[in-house]
Amino acid sequence: MYLSADDARSDFFLAAAAYVIGPSLLALLLNALPGLLRSGALGTLLTIASVFLTTAAMPLFLLRYREESFASLRTGGSGSLLEGAALTAVFAVPLALAGLLESGMPLGPQVLSPQFVVFVVVRWLSLAVLAVFLYRRAEYAFRPISESQQTLVHQAGLACSITAGVSTLLLLLADRPFASLVPAAGLIGWFFLAERRLPQHGMGERWWVWAPVITLALGPLEIFGLLFGGADFIASAQQASVAATFGLVTVMALHARRGALFAVGIAVAFVGAQVVAPMLGGLVLTV
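Residue indices begin from 1 for each chain and proceed along its sequence in written order. Per-residue local features are limited, in this predicted model, to residues with pLDDT of at least 70; the limit for side-chain atom pairs, both in listing and counting, is 80 or more; totals at the level of whole chains, interfaces and linings are taken over all residues. Side-chain numbers come from the whole structure's heavy atoms, not from hydrogens or water.

## Considering the pattern of salt bridges
Two side chains of opposite charge can pair, provided their charged atoms sit close to one another.
Then, number 1: Salt bridges are identified by distance alone: a Lys or Arg side-chain nitrogen within 4 Å of an Asp or Glu carboxyl oxygen. Applying the stated criterion to the full structure yields 8 salt bridges.
Then, number 2: Taking the shortest distance from any N to any O, the salt bridge between Glu83 and Arg258 comes out at 3.1 Å. Taken together, the positions of Glu83 in helix α5 (residues 77-103) and Arg258 in the loop between α10 (231-255) and α11 (261-280) put the pair 175 residues apart, joining distant regions of the chain.
Then, number 3: For Arg258, a relative accessible area of 24% translates into the label partly exposed.
Then, number 4: Several salt bridges share partner residues, and in doing so they unite Asp7, Asp11, Arg66, Glu68 and Arg137 into one network. A run of DSSP states H or I qualifies as a helix once it reaches four residues; a run of E qualifies as a strand once it reaches two. Both are numbered from the N-terminal end. Throughout, exposure labels follow a simple rule: accessible area from a 1.4 Å probe, protein chains only, divided by the maximum for the residue type, with under 20% read as buried, over 50% as exposed, and the rest as partly exposed.

## What about unusual backbone geometry?
Then, number 1: Positioned with a positive phi, Glu67 is a non-glycine residue whose angle comes to about 55°.
Then, number 2: Here Glu67 lies in the loop between α4 (57-65) and α5.
Then, number 3: The class of Glu67 is exposed, set by a relative accessible area of 73%.
Then, number 4: Even without being glycine, Arg257 reaches a positive phi, approximately 60°.
Then, number 5: Examined against the element boundaries, Arg257 turns out to sit in the loop between α10 and α11.
Then, number 6: Judged by relative accessible area, Arg257 falls into the exposed class, the value being 77%.

## Focus on the packing of aromatic side chains
Then, number 1: Only Phe, Tyr and Trp rings take part, Trp by its six-membered ring, and two of them pair if their centres are within 6.5 Å. Stacked means planes under 30 degrees apart, edge-to-face means over 60, and tilted covers everything else. This structure, assessed with the given rule, holds 11 aromatic pairs.
Then, number 2: An angle of 5° between the planes, with centres 5.6 Å apart, marks the rings of Phe91 and Trp190 as stacked. Residue Phe91 is located in helix α5, and its partner Trp190 is located in helix α8 (residues 181-197); the two are separated by 99 residues in the primary sequence.
Then, number 3: Here Trp190 falls in the buried class, since its relative accessible area comes to 0%.
Then, number 4: Between Phe191 and Phe192, the aromatic rings sit 5.1 Å apart at their centres with planes inclined by 65°, giving edge-to-face as the arrangement.
Then, number 5: Owing to a relative accessible area of 1%, Phe191 belongs among the buried residues under this scheme.
Then, number 6: Taken together through their ring pairs, the aromatic side chains of Phe91, Trp124, Trp190, Phe246 and Phe270 make up a single cluster.
Then, number 7: The rule for a charge over a ring is simple: NZ of Lys or CZ of Arg within 6 Å of the ring centre, and within 35 degrees of the ring normal. Directly above the ring of Phe70 sits Arg64, whose terminal nitrogen or CZ lies 4.7 Å from the centroid.

## Overview of the confidence of the model for the protein chain
Then, number 1: Of all residues in the protein chain, 85% attain a pLDDT of 70 or more, and the chain-wide mean is 85.
Then, number 2: Within the model, pLDDT remains below 50 along residues 282-287, and this stretch shows 10 contacts once partners closer than five positions in the same chain are excluded. pLDDT is a residue-level measure of predictor confidence that goes from 0 to 100. Here a residue-residue contact requires only that any non-hydrogen atoms of the pair lie within 4.5 Å.

## A word on the packing of helix α6 (residues 114-141) against helix α9 (residues 206-218)
Then, number 1: The angle between two axes is taken between their N-to-C directions and runs from 0 to 180 degrees, where each axis is a line fitted to C-alpha atoms and a helix contributes only its stretch in contact. It is the contact of α6 with α9, at a shortest axis distance of 9 Å, that shows an interaxial angle of 145°. Viewed along their axes, α6 and α9 form a crossing whose handedness is right-handed. Side by side, α6 and α9 meet where Leu127, Leu130, Ala131, Leu134, Tyr135, Ala138 and Glu139 of the first sit next to Trp207, Trp208, Pro212, Thr215 and Leu216 of the second.
Then, number 2: Under the scheme applied here, ten amino acids are nonpolar (Ala, Val, Leu, Ile, Met, Phe, Trp, Tyr, Cys and Pro), four are charged (Asp, Glu, Lys and Arg), and all others, including Gly, are polar. Residues belonging to the contact of α6 with α9 are distributed by class as follows: 10 nonpolar, 1 polar and 1 charged. Note on convention: the crossing is left-handed when the near helix lies turned anticlockwise from the far helix by less than a right angle, right-handed when the turn is clockwise.

## A few points about the side chain of Ser236
Then, number 1: Within the secondary structure, Ser236 is located in helix α10.
Then, number 2: Using a relative accessible area of 4% as the deciding quantity, one classes Ser236 as buried.
Then, number 3: Leaving out residues up to four positions away in the same chain, Ser236 has contacts with Pro220, Leu221 and Glu222.

## Notes on the environment of Leu14
Then, number 1: Checked against the element boundaries, Leu14 lands in helix α1 (residues 5-20).
Then, number 2: A residue is classified by how much of its surface remains accessible, and Leu14, at 40% relative accessible area, is partly exposed.
Then, number 3: If we ignore the near neighbours within four places in the chain, the residues touching Leu14 are Met58 and Leu62.

This is the structure in structure tokens:
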């Protein structure tokens, strides 16, 4: 489907604004509600709905508005989905292990609430939808500035990896558990494995790579955390590196023609790290 540059740019920035600014606006609205509505099952439902509304709802609405098929989010087939999940296991497994170590879970299976499971599924699948949408719109939205695709991806990957490493080290100085180093190492390994498994041939366009990556990084980033000692900002920078790497690996997969379901595979791996591993609980630690 062809889009004019103006339409594509409008779509890109609408989706980006919903993702970056939307959570703050929704938080203001939710805080204005009576406390009874913000607690219990209804409060959990509102939290889940807000994640969907700020991440996936705008891309889905814009696809429908442009009379574009949702099939664009399902390209690649099951092979692409499995490849995305398998590749991301390099990060998801350390992430799950670190979560178990930091939480001090007793040995044995852990029971997670259905609300938490739904929240995690919606969160990561919504991010997959947004990452694919931003890349597809960036292809039309921005003036071409051609460079080596491999160089562009390598530069973006180094930025994500350095942010993850530095933020993690700073959090360690703030008495964060030593196990928090494990996910940072896993994220760096994830990117360098993606470089090997998703070779980036030929020329690329600068903003087709950087625009989705920067947008996804801005979502978790708490700029105003710098006003309150900086710890919140550093923690948000760590989360931003994860979201940005999610977007970067998605861009790499789409450039390598793996299909949009590759991003869904990444989301599945994250869901496994946050849901399946805690359900197994300390059994993982006894192997």
